[in-house]
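Residue-level listing of the chains:
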Amino acid sequence: MKQLFFVLIFAPLLGNSQIKHTKLISKMDGTFLSVDGINTPYWGFGEFNPTLANQRISLPSPLLIYDLNDSVYLKLHNLSPEMHTIHLHGLDVTQINDGVPSTSFGVLFNDSTTYKFKAKHPGTYLYHCHVHTNLHAAMGMSGMVVIRNFPDTNLLYANGPSFNKEYYYLSSDMYLYWNFNVTSPGPFHMYEADYFMVNGKAGTQLFDDTTQIINMSAGDTALLHIANVGYNSVEYIFPPEANAVTHMSDGRILPSPIDKDTLVLYPGERYSVLLSPTQFIQGHITVNSANLYNTGTIVGTNYIGINIDSLGQGMQDNKLAYLNLYPNPTSNSLQIQSNETLDIHIYNVQGKLFKTFNLQRGINNLDVSKLSKGIYIVGANGFLPTKFIIE
Amino acid sequence: MRKLTILALLFLSSISSFATIVKDTLYINRDTVNQATTIIHYCSFNSTETFELTNRPLEVNENDTLQVTIINTDSLPHTFTVDAILETGNTIAPFDTATFQLKFNSKGTYRYYSDVAYGKYLAASGNILVGYSNYIHFFWNLFEAKDTFMDSIANGLTATLPNYFKPEVFTINNLYFPYTATDPIGAVTGHVNDSIIISVVNSGQMVSPFHFHGYHVKIIDVKIHQTILGWEKDTFPVFPGEAMTLLLVPDQPGMYPVHNHNLVTVATGGYPGGMITRLNIMP
């Protein structure tokens, strides 16, 4: 979550509510290192830093956190050659502050504007550029907004359930052809998501990053802010032991909480989920990305690590077990020893599913001869995603 | 005796109002239309034998019986299907006429359609709104089109949807933005604090996640994705075949877009285009 930070420049007290000033910049010259090790162009927003001559953007764009009843002044300074805006998705702002050029206004190169809104409902929201949204959002110009239930910021909403840990997960996707051919992306309805991220990270980047892992002790309750700003739907599958209960969506309280281990977010949706595990867990949350065509095919998968220490100490390091693969690297077959029957899934490093095997107890020989050379990931419930190489 | 007579009259009166039959007529027409430089075959339920692109919505009061006469101007048989209401004995032969009676048990939105390939895949599908005629109300009928597929359907070359159907033209009431913004039955107009009803059906093949700018709406009726019944949302999925009713009570004036947030759908005819419409809320 290093890219996500609380942006608060000036916050004088004004009774129960506060005035909050945030300043963002927009640029179109970012590059991020993809999970395959390729420097990939992206566009985005960044926190304005007065000490820097060359302002920086981040992927995703900065996390913006405000409190209930705050009066927010969100300044955008556009440092890129194209017009941009900020659409405060779900915050029900006035027309002039809505960030849609045809009904409000756009911000031209080297120009600034300030969006104003009142934080009226606690919950999870988004912001993104609404200029040529299908291209600008896909290029990375999006982030999450969270409104905390001030002054009881440990409650989901007034008189609502409490929590003592808080995590933020923004799912998105890219069609990398656009990133590398942005001046000639082709027909916009031909977008075909082929890179899937949570908090701007994909595959090994996500589950190798300990800052992305949910660390809890038994008795803790964690609030997960989950949002989807991609073209695809994303399905979050929680370990049953995590006791995931969904309480809010789109900044509103649900008529009754949803006690299900699977939650699907369609593009633009947000949810507030509480995890209240009562037992030891070493596992992960599976995040499947599926297209919205008639097949609804899952085209990518990511994992968010979740560790619950039954001894009452949240683990700081990833202690999940890896699958025991041999030989690694390999070219034709892969041997896996298992103590139980188990479904395993083989993905490439971008999270694209290639094959599923059903392991039996004992030694299993898997035919992987049809996989082309490269790095792959084996995923299974109860294990850390494990890398292997086809030579 | 006099009291008894009055009671009997009241009873008969209530029976009479309970049993009101609303008569309506629709024509099944086929034609081709140029949609953003793409020629597309359509089949539509219209008010007259003249083809119109938008399927005409039907309206009845709660507890009314809808008696609808369907005049099939096509050379192929069609059906008049309403899921869970009228699913059998509903065929209309080529160049023939048939009359059906439909009774709706609850308020809300229903979808009617012709359940043959050259009907449903050519957009012969529309809204039925039950019980909200006294409200300010609007109709959204979502559909995605692809010229080559619909050409094959129209010419009898195929009757099945391909596995990975990638449409190219995205519409509300078979119109794409900016034409949706002046659609008298789809572009939402009203005032602050009005109770505005929006009847939504998805006649297409894709899940359409719709996003409201400026407001949240309450989902007061939903036939397929019933998990979200009663939820207040600004973004929600509309599943293929779905029929749902939204209640919008605007708390501020403004002109805002509403659009599909699967952004492949918002560039028909250039960006912004496709599955976008407008809310125009006055003080």
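Residues numbered from 1 in each chain as written. Chains lettered and ligands numbered in written order. Predicted model: local features only at pLDDT ≥ 70, side-chain atom pairs only at ≥ 80, totals over all residues.

**Quick word on unusual backbone geometry**
For residues besides glycine, phi is generally negative; the peptide bonds are generally trans as well.
(1) Moving on: The linkage connecting Leu-59 of chain A with the following residue, Pro-60 of chain A, adopts the cis geometry, with an omega of -5 degrees.
(2) Moving on: Positionally, Pro-60 of chain A belongs in the loop between strand E3 (39-47) and strand E4 (64-67).
(3) Moving on: Here the residue pair Phe-150 of chain A and Pro-151 of chain A is connected by a cis peptide bond, since its omega of 5 degrees sits within 30 degrees of zero.
(4) Moving on: Summarising the element assignment, Pro-151 of chain A is placed in the loop between strand E9 (142-148) and strand E10 (165-174).
(5) Moving on: With phi around 65 degrees, Asn-110 of chain A is a residue other than glycine that occupies positive phi space.
(6) Moving on: Note on Asn-110 of chain A: 10 C-beta atoms within 10 Å, which makes it exposed.
(7) Moving on: Phi at Asn-174 of chain B takes a positive value of approximately 60 degrees, unusual for a residue other than glycine.
(8) Moving on: In this fold, Asn-174 of chain B is placed in the loop between strand E12 (169-172) and strand E13 (188-191). (Helix = DSSP H or I, 4+ residues; strand = E, 2+ residues; numbered from the N terminus. Buried ≥ 20, exposed ≤ 12 C-beta atoms within 10 Å, placed from the backbone.)

**Some words on the interface of chain A and chain B**
(1) Moving on: Every contact between the two is made by 28 residues of chain A and, on the other side, 34 residues of chain B.
(2) Moving on: Mapped onto the side of chain A that touches chain B, the elements with two or more residues apiece are helix H1 (133-136) and strand E16 (252-258) of chain A.
(3) Moving on: Here the side of chain A that touches chain B takes three residues from E16 of chain A, the largest share from any one element.
(4) Moving on: Looking at side-chain class alone, the side of chain A that touches chain B contains eleven nonpolar, twelve polar and five charged residues. (Contact = placed C-beta atoms within 7 Å. Nonpolar A, V, L, I, M, F, W, Y, C, P; charged D, E, K, R; others polar.)

**Topic: the confidence of the model for chain A**
All names here are of chain A.
(1) Moving on: For chain A, the mean per-residue pLDDT works out to 89, and 91% of the residues sit at or above 70.
(2) Moving on: Contacts of residues 1-15 to residues separated by more than four positions or lying in other chains number 36 contacts, the stretch itself having pLDDT below 50.
(3) Moving on: Here residues 312-319 is modelled with pLDDT under 50, and outside its nearest four sequence neighbours on either side it reaches 18 contacts, counting other chains as well. (pLDDT = per-residue confidence, 0-100.)

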